[in-house]
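A look at the structure
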Amino acid sequence: MVVTQKGGLRQAGAVDGPSSAPPPAADAQAASPNLLPVPLTRFVGRERDLQELRSLLAASRLLTLTGAGGCGKTRLALQLVGECFHEYFRAA
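Analysis parameters
Residues numbered from 1 in each chain as written. Predicted model: local features only at pLDDT ≥ 70, side-chain atom pairs only at ≥ 80, totals over all residues. Heavy atoms only, no water. Helix = DSSP H or I, 4+ residues; strand = E, 2+ residues; numbered from the N terminus. Buried < 20%, exposed > 50% of the residue type's maximum accessible area, 1.4 Å probe, protein only. Contact = heavy atoms within 4.5 Å. Areas by Shrake-Rupley, 256 points an atom, 1.4 Å probe, with all protein chains shown as cover. Core = buried A, V, L, I, M, F, W, Y, C linked by side-chain atoms within 4.5 Å. pLDDT = per-residue confidence, 0-100. Salt bridge = Lys/Arg side-chain N within 4 Å of Asp/Glu carboxyl O.

Below, the discussion takes up the overall build of the chain. Each helix and strand counted, the chain has three helices and two strands in total. Starting at the N terminus and ending at the C terminus, the chain contains elements arranged as β-β-α-α-α. Split into buried and exposed, the 92 residues of the chain put 12% on the buried side. Residue pairs at least 24 apart in sequence account for 53% of intrachain contacts in the chain once pairs closer than 6 positions are excluded. Accessible surface computed for the chain: about 7900 Å², of which carbon and sulfur atoms make up 59%.

Here it is in structure tokens:
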């Protein structure tokens, strides 16, 4: 961040003036029908866990994933929601 003379903040290297690029939120929303974050890597090696979660989700409305920090709970949950999104959330 750079402090301007008028006391405002702007990102270092930012160009003043209007930008021709659309805002990032518009790009993400156009590319995806939901507001889930786009994964940066492929989902590999947790297919068995994902299948078990799908069967548990079919039997229950709420799942709680527990485990040590950094073991992939959030990534697993996002993958599950991304794959099951249309089964549970219908367009109005």
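We now examine the nonpolar core. Core analysis: the biggest nonpolar cluster contains seven residues, these being Phe43, Leu50, Leu53, Leu57, Leu76, Leu80 and Cys84. Going through the elements one at a time, helix H2 (47-59) and helix H3 (73-88) are the ones with two or more residues in this core. Those residues in contact with Leu76 that sit more than four places away from it in its chain are Phe43, Arg46, Asp49, Leu50, Leu53 and Leu65.

With that settled, the discussion passes to the confidence of the model for the chain. Counting all residues, the mean pLDDT for the chain is 75, and 62% of those residues have values of 70 or more. When mean pLDDT is taken per element in the chain, H2 scores highest with 94 and strand E1 (residues 2-3) scores lowest with 42.

Further remarks concern the pattern of salt bridges. In total, this model carries two salt bridges according to the counting rule given. We note a salt bridge from Glu83 to Arg54, for which the minimum N-O separation is 2.2 Å. Of this pair, Glu83 sits in helix H3 while Arg54 is found in helix H2, placing the two residues 29 residues apart along the sequence. According to the relative accessible area criterion, Glu83 is partly exposed, its value standing at 36%.

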